[in-house]
Amino acid sequence: MYVFVCEDSPEGIFTGVYDACASRLGHKNIRLTTGEPENYELFSEYRTVTPSVEKTAKVVRTLNERFGREFYEAIYQTAMAREFPYKPGASHKPAMDKADAIYRTILLAFSCNDGNRVLLALGEPCVMRVFELCRATNREAAHLLGFLRFKELENGVLFATIHPKNNVLPYLAEHFTDRLSPENFMIFDETRNTVAIHRAGKGYLLTDATDLDRDRLTRCSANEAEYQKLWLAFFDSIALLEKPGGDHALSHLKPLFRHNNNFAHNDSSLCCVSTMI
């Protein structure tokens, strides 16, 4: 068995798919994995895949031209999903690695030349895995689009922090680039230490956030501070803190409202929101 070890990114996985197809080693003799395996298998040859922009572009172009935009989006969203590692001793069977699931799903699409038909074949383990991961990415992106709120810094830049399980930052950046085109804004993914930077009237840029000035990000404009006080005062005034089961409802809301600057440090305000559920 030949194991292609890919970087856990769309570029890494798509490059792995390209290298696996170009190797001519036989699809049955190839398996893709994301990240270095904890335990190496006997009689398996491991090949490290170096991400390539050129190879990635070729795979993206082929998927779009041969199988359509919907098929490509499903594969891309799967590549952006978080890979949950299998823990030894767990009762459930380890899930198929997302890189291998993507590879097998693409091979199925080539075999029948119909991407939409392949996505409906949930009886295939690789397609089912793609479906599960794609759904997880879509759900989290939808939640963040509904609950994310920007705050205005003292320099006029709009700033928001997210802590997603899946890598949904590109989706959010693309969405808000369209919605907030005249604004300068930043979205900081604290989980992966990456940031999307958008300049007014231009596109966005994804970059590493290691050199981000965290102290400056805490300095809000005078208008922002005033609006936050008004917003919290409104929710405090209508909160029903004595509602039975309020703590239980609050526990489900906290992960969502942690992306809303107005609720970040105010549990009493969340209680009134729970009364509307």
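Model, not experiment: these values are computed from the prediction.

A closer look at the overall build of the protein
Stage number 1. In terms of regular secondary structure, the protein is built from ten helices and eight strands.
Stage number 2. Per-residue burial for the protein yields a buried fraction of 41% across its 277 residues.
Stage number 3. Across the protein, the fraction of contacts at a sequence separation of at least 24, relative to all contacts at a separation of at least 6, is 67%.
Stage number 4. About 15800 Å² of surface is accessible on the protein, with carbon and sulfur atoms providing 53% of the total.

Description of helix H4 (residues 98-112)
Stage number 1. With 15 residues, H4 should cover 21 Å at 1.5 Å per step; its first-to-last C-alpha distance of 21 Å lies within 8% of that length.
Stage number 2. Looking at the buried positions of H4, the neighbouring elements they touch are helix H1 (10-23), strand E2 (30-34), helix H2 (53-67), helix H3 (69-79), helix H5 (115-119) and helix H6 (125-147).
Stage number 3. One side-chain oxygen of the residue at the start of H4 lies 2.9 Å from the amide nitrogen of Ala99, identifying that residue as Asp97.
Stage number 4. A positive phi of about 55° marks Asn113, the residue just after H4.

So, the environment of Glu154
Stage number 1. Of note, Glu154 is situated in the loop between strand E4 (151-152) and strand E5 (158-162).
Stage number 2. Ignoring sequence-local partners within four residues, the contact set of Glu154 consists of Arg219, Cys220 and Ser221.

With respect to the packing of aromatic side chains
Stage number 1. For the structure shown, the criterion picks out eight aromatic pairs.
Stage number 2. Residues Tyr40 and Tyr46 carry aromatic rings whose centres are separated by 4.6 Å and whose planes lie at 75° to one another, so their mutual orientation is edge-to-face.
Stage number 3. The partly exposed category is assigned to Tyr46, whose relative accessible area is 22%.

Cut-off values and rules
- Residues numbered from 1 in each chain as written.
- Predicted model: local features only at pLDDT ≥ 70, side-chain atom pairs only at ≥ 80, totals over all residues.
- Heavy atoms only, no water.
- Helix = DSSP H or I, 4+ residues; strand = E, 2+ residues; numbered from the N terminus.
- Buried < 20%, exposed > 50% of the residue type's maximum accessible area, 1.4 Å probe, protein only.
- Contact = heavy atoms within 4.5 Å.
- Areas by Shrake-Rupley, 256 points an atom, 1.4 Å probe, with all protein chains shown as cover.
- Expected span 1.5 Å × (residues − 1).
- Polar contact = N/O pair within 3.5 Å; in protein donor to acceptor, adjacent residues only side chain to side chain.
- Phe/Tyr/Trp six-rings, centres within 6.5 Å; stacked < 30°, edge-to-face > 60°.

That is the geometry; function is a separate question.
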